[in-house]
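# Close look at the chain arrangement
Take a look at the letters that make up each chain.
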Amino acid sequence: MAKIFISVVFLLMILASGCKSDSSQANERIATDVTSISKGKVLFNQYCSACHNFNFDGIGPKLGGITDSVTLSWLKDFIRNPKQQIDGADARATKLFTKFKTIMPAFQGLADSSLNNILAYIHTRKPIVLSNIYSDREEVKDPIPDTIEMSDLIVELKLITQFPTTGTPGVAPLARITKLDFAPHSGQVFVLDMNGILYKLINDQPVVYMDMSKLMNRFIPQPGLSSGFANFAFHPDFQSNGLLFTAHTEPADTKKADFAFEDTLESALQFVISEWKVDHPDQATFEGHGRELFRMDMVSKAHGVQEIAFNNTVRKTHEDYGLLYIAIGDAGAGENRYPQLLHHTNRAWGTLFRIDPSRNNPRSRPSKNGQYGIPLTNPFINDPSAIGEIYAYGFRNPHRITWTQKGQLLLSNIGHGDIEALDLIEPGQDYGWPYMEGRFMIDPYGDLGKIYEPTLTDTIAHQVSMPVVQLDHDESKAIAGGYEYLGAMPLLKGKFIFGDIPVGNLYYVFTRDIHPRTSAKIYELQISLNGEIIKLKDLNPNDRVELHLGRDAKGELYLLTKADGKLYKLLNSRNN
């Protein structure tokens, strides 16, 4: 049922376009009783809010007032067979499919009662009046006019394995595989399925190492996107201390959160950061016990704790050694019209944390809950009004972080309507969201779909650190965080390789071109499978790849395609 409703919300591709219908025709059979609306709100918050809100376009279109502009019969027909509407050249469906690049499955078996309740709740939410502080400026329609140059470099993929289906059979994504990493010392490769499983690859086959649903009785993997078993990271000394760290989601009312917002806002769920003491680091399956480091409330189910990672490029004597970085999304607060939760050093959302998991390190001070330390070298450690854990802030959806061999900390930040960014992280720096998207201005109380050139009077534009790589949505939709290539293929040396999550393209920049306040030139990689040049999206009938990247202990790169649950390795490279 969860997968049904995740996909059902993409009916709302229809929601934001087309000419108006007669409102009485649209509303004539929509329930208005309190019970139906209450049930619909629960269903919407549980399954729809990660993709949609009522004020701004997100992964799917905004929904405020849609039941006044689209007939109920049309809505239901679309849900029953959306592909038929698109194939039949329905103007509204075609326009939104072009914009959002996804087709929901047909759901002839969906119960009318559940759908009616969702529509009853949506019907209560009307359009809001947006501010327009940039009314004197011209909107930027094409922020990056240049197209990305296709290089003559071809990478050959090898299919490594197919992961078990943990979602609904036959419905993408088959397995929510999102991260590949390795254990220090042993080099053993692990792959995460956000539906609750951490796999160990043995002879290139996935073997269940850790099942979060068996360890945490309040664990929730749905409705998808950022919720579930979100991330993992091995301590650099894992072989000797057995410490493994995870991020996962639980219901909003599980426990009192260490990072919470005002009572007037509802929490959609909680993210929990945990430390696990593994009894035997070399054992095939997990045995051990855990403790909670902290938990935080999230105002929606989108943009959660996207990454946890250690800096494995430094020696044991370096002050950064053994410190855990935690990339925390804005929880959809930007799109859901709660900008007050963002862009402050006294707010946890849309930030990058750096903590010391140890509780007795003289180089750290104890956290408020006493479960970890805050490094004394953190940039806001001496500011009594700030959260000391914050290392940098102003992010929308910080998807992945990584370090280059030069020690540069890079963060891929998924944008809203226009710009995908790779940021070079400097301690204490502001990266702009929700007042900026990339190098462009945005009105956080206005239409987030509009961006503007900064002027000399825009003070924030001169304080924010600009992306070192940025793409617009002509060719990209959501940046898939990448890695500096460190493997054995000479043609890939000196390149930082990344991609796009839904579109599935692979890109690179030269690492020598990554400098503060300078935008590096992007090139697209050609992809070959079984000797034939392909596009990854052509392998997926839903036209949404859900691409993620990983790197093993030898520096070789892997591609994870969540839609079909497959793992590929970059095996060879050649010039065309």
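Since this is a predicted model, take the numbers as computed values, not measurements. (Residues numbered from 1 in each chain as written. Predicted model: local features only at pLDDT ≥ 70, side-chain atom pairs only at ≥ 80, totals over all residues. Heavy atoms only, no water.)

The next subject is the sheet that holds strand β2 (residues 177-182). If you trace the four strands from one edge of the open sheet to the other, you get β2-β3-β4-β5, paired in antiparallel fashion. Whereas interior strands pair on both sides, the edge strands pair on one side only; in this sheet they are β2 and β5 (205-211). Strand-to-strand, the axes of this sheet are offset by a mean angle of 30°, without reference to chain direction. (Pairing = 2+ DSSP bridges. Helix = DSSP H or I, 4+ residues; strand = E, 2+ residues; numbered from the N terminus. Axes fitted to C-alpha atoms, helices over the stretch in contact; angles between N-to-C directions.)

It is worth spelling out the pairing of strand β10 (residues 305-310) at this point. Burial analysis of β10 places six of its six residues in the buried class, the great majority of the element. Across five bridges, the pairing between β10 and strand β11 (residues 324-328) is antiparallel. Bridge pairing in β11 links V305 to I328. (Buried < 20%, exposed > 50% of the residue type's maximum accessible area, 1.4 Å probe, protein only.)

Counting across every chain of the model gives 24 aromatic pairs. When the ring of F259 is compared with that of F294, the centres are 5.4 Å apart and the planes differ by 85°; the resulting orientation is edge-to-face. Remark: F294 occurs in strand β9 (residues 288-298) and F259 occurs in the loop between β7 (243-251) and β8 (269-278); sequence separation between them is 35 residues. Accessibility expressed as a relative area gives 11% for F259, which makes it buried. A ring pair is formed by F380 and Y393, whose centres lie 6.1 Å apart and whose planes are at 70°; its orientation type is edge-to-face. Here Y393 lies in strand β15 (residues 390-393) and F380 lies in the loop between β14 (373-375) and β15, a separation of 13 residues in the sequence. A relative accessible area of 12% places F380 in the buried class. (Phe/Tyr/Trp six-rings, centres within 6.5 Å; stacked < 30°, edge-to-face > 60°.)

Another aspect to go through is unusual backbone geometry. Of note, the bond from A172 into P173 is cis; its omega dihedral lies within 30 degrees of zero at 0°. Relative to the assigned elements, P173 resides in the loop between β1 (149-162) and β2. Residue P434 is reached from W433 by a cis peptide bond, and omega for that bond is 10°. Positive phi outside glycine occurs at N203, with the angle close to 55°. In this fold, N203 is placed in the loop between β4 (197-202) and β5. Given a relative accessible area of 73%, N203 falls into the exposed group. Positive phi, normally seen in glycine, also occurs at E546, with a value near 60°.

Quick look at helix α6 (residues 91-100) now. Here α6 has its buried residues at R92, A93, L96 and F100. One side of α6 holds all its buried residues, which, seen down the axis, span an arc of 95°. For α6, exposure combined with an orientation more than 90 degrees from the buried face picks out A91, K95 and T98. Buried residues along α6 sit against α4 (72-80) and α5 (82-87). (Arc of directions from axis to C-beta. Contact = heavy atoms within 4.5 Å.)

The N-to-C vectors of α4 and helix α7 (residues 112-123) enclose an angle of 130°; their axes lie 12 Å apart at closest approach. Put simply, α4 runs oblique to α7. The two elements α4 and α7 meet at a crossing, and its hand is right-handed. Residues L72, L75, K76, I79 and R80 of α4 form the contact with α7, whose participating residues are D112, L115, N116 and L119. When its residues are assigned to classes, the contact of α4 with α7 shows five nonpolar, one polar and three charged. (Parallel < 35°, antiparallel > 145°, perpendicular 65-115°, else oblique. Left-handed = near helix turned anticlockwise from the far one by under 90°. Nonpolar A, V, L, I, M, F, W, Y, C, P; charged D, E, K, R; others polar.)

Here β2 pairs with strand β3 (residues 189-193) via five bridges, running antiparallel. Within the sheet, the bridge partner assigned to D181 lies in β3 and is F190. Counted along the chain from β2 to the antiparallel partner β3, the turn is six residues long, and its residue H185 has a positive phi close to 75°.

Before going further, it helps to spend a moment on the pattern of salt bridges. All told, the structure shown has 22 salt bridges when counted by the stated rule. Close ionic contact of D68 with K126 constitutes a salt bridge, the shortest N to O distance being 2.9 Å. Placement of D68 in the loop between α3 (34-47) and α4 and of K126 in the loop between α7 and β1 is noted, with a sequence separation of 58 residues between them. The salt bridge involving D237 is made with K316; its shortest N-O contact spans 3.6 Å. With D237 in the loop between β6 (229-234) and α9 (238-241) and K316 in the loop between β10 and β11, the pair connects residues that are 79 residues apart, well separated along the chain. Using a relative accessible area of 56% as the deciding quantity, one classes K316 as exposed. (Salt bridge = Lys/Arg side-chain N within 4 Å of Asp/Glu carboxyl O.)

Here the focus is the side chain of D211. For D211, the position within the fold is in strand β5. In this structure, D211 is buried with no salt-bridge partner, the nearest side chain bearing the opposite charge being K214 at 4.2 Å. The contacts of D211, once residues within four sequence positions are left out, are G196 and I197. (Lys, Arg positive; Asp, Glu negative; His and termini not counted.)

What follows concerns empty space enclosed by the protein. Applying the stated rule across the entire model yields four cavities of 30 Å³ or more. Quantified by volume, the largest cavity comes out at close to 120 Å³. Lining the largest cavity are 16 residues, and of these N413, Y431, M436, E437 and G438 lie nearest its centre. Of all the elements in the fold, those that place two or more residues in the lining of the largest cavity are β18 (419-424) and β19 (436-437). For the lining of the largest cavity, the element with the most residues is β18, which contributes three residues. (1 Å grid on protein atoms, 1.4 Å probe; cavity = no way out; pocket = protein on both sides within 12 Å on 5 of 7 lines; lining within 4 Å. Points joined across faces, edges and corners; volume = space filled by probe spheres on them.)

When the pLDDT values of the chain are averaged, the result is 89; 92% of them are 70 or greater. In the model, residues 1-26 has pLDDT below 50 throughout and makes 88 contacts with residues more than four positions away in sequence or in other chains. (pLDDT = per-residue confidence, 0-100.)

Now for the side chain of N378. The residue N378 is located in the loop between β14 and β15 in this model. In terms of polar contacts, N378 uses its side chain to reach the side chain of R354, at 2.8 Å. Contacts of N378, omitting those with residues within four sequence positions, involve R354, G388, E389, I390 and Y391. (Polar contact = N/O pair within 3.5 Å; in protein donor to acceptor, adjacent residues only side chain to side chain.)

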